[in-house]
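Residue-level structure breakdown
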Amino acid sequence: MSLPAEFHEIAKRVNNWGRWGEADERGTLNLITDAVVREAVATVRTGHRIPLALPLRQDGVQSGLIPGRINPLHTMVQINQEIFGPGTVATSDDAVTMGLQAATHWDALPHVSHSGKIYNGRPADSVTAHAGARFSSIAAVEHLVSRGVLLDVARARGVDRLPGDHAVTPQDLAAAEEFGGVRVRAGDIALVRTGQMRLALAGDRDAYGYPSPGLSVRTPEWFHARDVAAVANDTLTFEIFPPEIADLWLPVHALHLVEMGLLQGQNWNLEALSTACTEEGRYAFLLTAAPEPFTGATGSPVAPVAIL
């Protein structure tokens, strides 16, 4: 089934192909300039540091809803082994097998494709079984520090958690800005809180995954107009799931990653950050969120930290 005309119309309005040159692999991360980072650093007042990552554990948030995306399997490969002989210093080593998008992560730009293309008009078949993503892999994100802005849609609507059928609209994002007394600007990393993470933290993986509130197909134009550098939220699927338009699956992924070159993150734990921002009365902060630089990977775990 081909994508509907409505999708292609939005795609034309948000398309960034060629904006930073034909060879570009970083997309909207180009909006994070030295000046943006300097201004981000200036938001730090108390030095209060808030981790936003879920623990990497075998009983993580993956329930089998997404095929092949397994929770981390941790194995000890050495335990107090005296590898240089008896009486020498002993070492313990670990190994892990996991889906790179299993827990708190960034999706790289070639994570999805549509109409045979990935970001900047490159062919989708440039992602191969042997080498992974030839272009715009997560390794292209060498550093990621900017001003973070929490758009606490749930608190702005006066609830702990949005209902599972709630599609976060541009109006919701604007209301969250007003609620937080902040305005998203060029080069920012927007963190959208729905409260859905509360289900995962309570141990209900199935309810966390489905049904899930998430971003509406109407929101990419809002992020495009604001020149946002990256977006992350506190859900498994990022966008509303099941989709708001029947049979149009993952349209926000396609618009962000393919058309805009906009990095997006999922499974971010924004609960403690929501509390801290409410207590301090401010919703902008320094955010450090560099992914692990897996060559050729279409995503990577990240351990973000917000610094107030």
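Structure: above.
First, a word on scope: everything that follows refers to the structure included in this document. (Residues numbered from 1 in each chain as written. Predicted model: local features only at pLDDT ≥ 70, side-chain atom pairs only at ≥ 80, totals over all residues. Heavy atoms only, no water.)

1. Topic: the overall build of the protein
Using the following cut-off: Working definition: helices are DSSP H or I runs of at least four residues, strands are E runs of at least two. Numbering for both runs from the N terminus. In this treatment the radius of gyration is a C-alpha quantity, and the globule benchmark scales as 2.2 Å times the residue count to the 0.38 power. Per-residue accessibility, obtained with a 1.4 Å probe over protein chains only, is compared with the maximum for each type, and a residue is labelled buried under 20%, exposed over 50%, and partly exposed between these values. Whether two residues are in contact is decided by their heavy atoms: any pair within 4.5 Å suffices. Here, Shrake-Rupley sampling with a 1.4 Å probe gives the accessible areas, and only protein chains in the shown set may cover a residue.
Scanning the protein from N- to C-terminus turns up nine helices and 15 strands. At 20 Å, the protein has a C-alpha radius of gyration in line with the 19 Å of a compact globule built from 308 residues. The dimensions of the protein, computed from C-alpha atoms along their principal axes, are 70 × 50 × 40 Å. Within the protein, the proportion of its 308 residues that are buried is 52%. Intrachain contacts of the protein at a sequence separation of at least 6 include 77% that bridge at least 24 residues. Surface exposure of the protein reaches about 13700 Å², of which carbon and sulfur atoms provide 52%.

2. Quick look at the nonpolar core
Definition in use: Buried Ala, Val, Leu, Ile, Met, Phe, Trp, Tyr and Cys residues that are joined via side-chain atoms within 4.5 Å together make up what is termed a nonpolar core.
In this structure, W106, L191, F223, W268 and L273 are the most contacted members of the largest nonpolar core, which totals 59 residues. Listed in part, the seven residues of the second largest apolar core include M197, A200, Y208 and L236.

3. A few points about the packing of aromatic side chains
Here is the rule we go by: Pairing of aromatic rings covers Phe, Tyr and Trp, the last counted by its six-membered ring, and requires centre-to-centre distances within 6.5 Å; plane angles under 30 degrees mean stacked, over 60 mean edge-to-face, and any other angle means tilted.
Summed over the entire model, instances satisfying the criterion amount to five aromatic pairs. Ring centres of F179 and Y283 lie 5.9 Å apart, and the angle between their planes is 70 degrees; this geometry places the pair in the edge-to-face category. Separated by 104 residues along the polypeptide, F179 in helix 4 (residues 170-180) and Y283 in the loop between helix 9 (271-280) and strand 13 (284-288) bring together distant segments of the chain. Its relative accessible area of 5% is what places Y283 among the buried residues.

4. Examining the packing of helix 1 (residues 5-14) against helix 7 (residues 219-226)
Condition: Axis definition: a line fitted to C-alpha atoms, over the contacting stretch in the case of helices. Angles run 0 to 180 degrees between N-to-C directions. Here the angle decides the label: under 35 degrees means roughly parallel, over 145 means roughly antiparallel, 65 to 115 means roughly perpendicular, and every other value means oblique. Three categories are distinguished: nonpolar for Ala, Val, Leu, Ile, Met, Phe, Trp, Tyr, Cys and Pro, charged for Asp, Glu, Lys and Arg, and polar for the others, with Gly belonging to the last.
Axis separation between helix 1 and helix 7 bottoms out at 10 Å; the angle between their running directions is 5 degrees. Put simply, helix 1 runs roughly parallel to helix 7. Contacts from I10, R13 and V14 of helix 1 reach helix 7 at P220, E221 and H224. Here the contact of helix 1 with helix 7 is built from residues that sort into three nonpolar, one polar and two charged.

5. Here's the deal with unusual backbone geometry
Peptide bonds are, in most cases, trans, and in most cases residues other than glycine have a negative phi. Omega for the bond connecting Y210 with P211 falls within 30 degrees of zero, at -10 degrees, which places this linkage in the cis form. Note the cis peptide between F241 and P242, where omega equals 0 degrees. One can find P242 in the loop between strand 11 (230-233) and helix 8 (251-260). One non-glycine residue with positive phi stands out, namely N120, at about 65 degrees. Locating N120 in the fold gives a position in the loop between strand 4 (105-107) and strand 5 (127-128). The phi angle at N267 is positive, at roughly 60 degrees, despite the residue not being glycine. Here N267 is to be found in the loop between strand 12 (263-266) and helix 9.

6. What to know about helix 8
With 10 of 10 residues buried, helix 8 lies mostly within the body of the structure. Within helix 8, burial applies to P251, V252, H253, A254, L255, H256, L257, V258, E259 and M260. Of the surrounding elements, those touching the buried residues of helix 8 are helix 1, strand 4, strand 10 (214-215), helix 7 and strand 12. Two residues or fewer after helix 8 comes G261, characterised by a positive phi angle close to 70 degrees.

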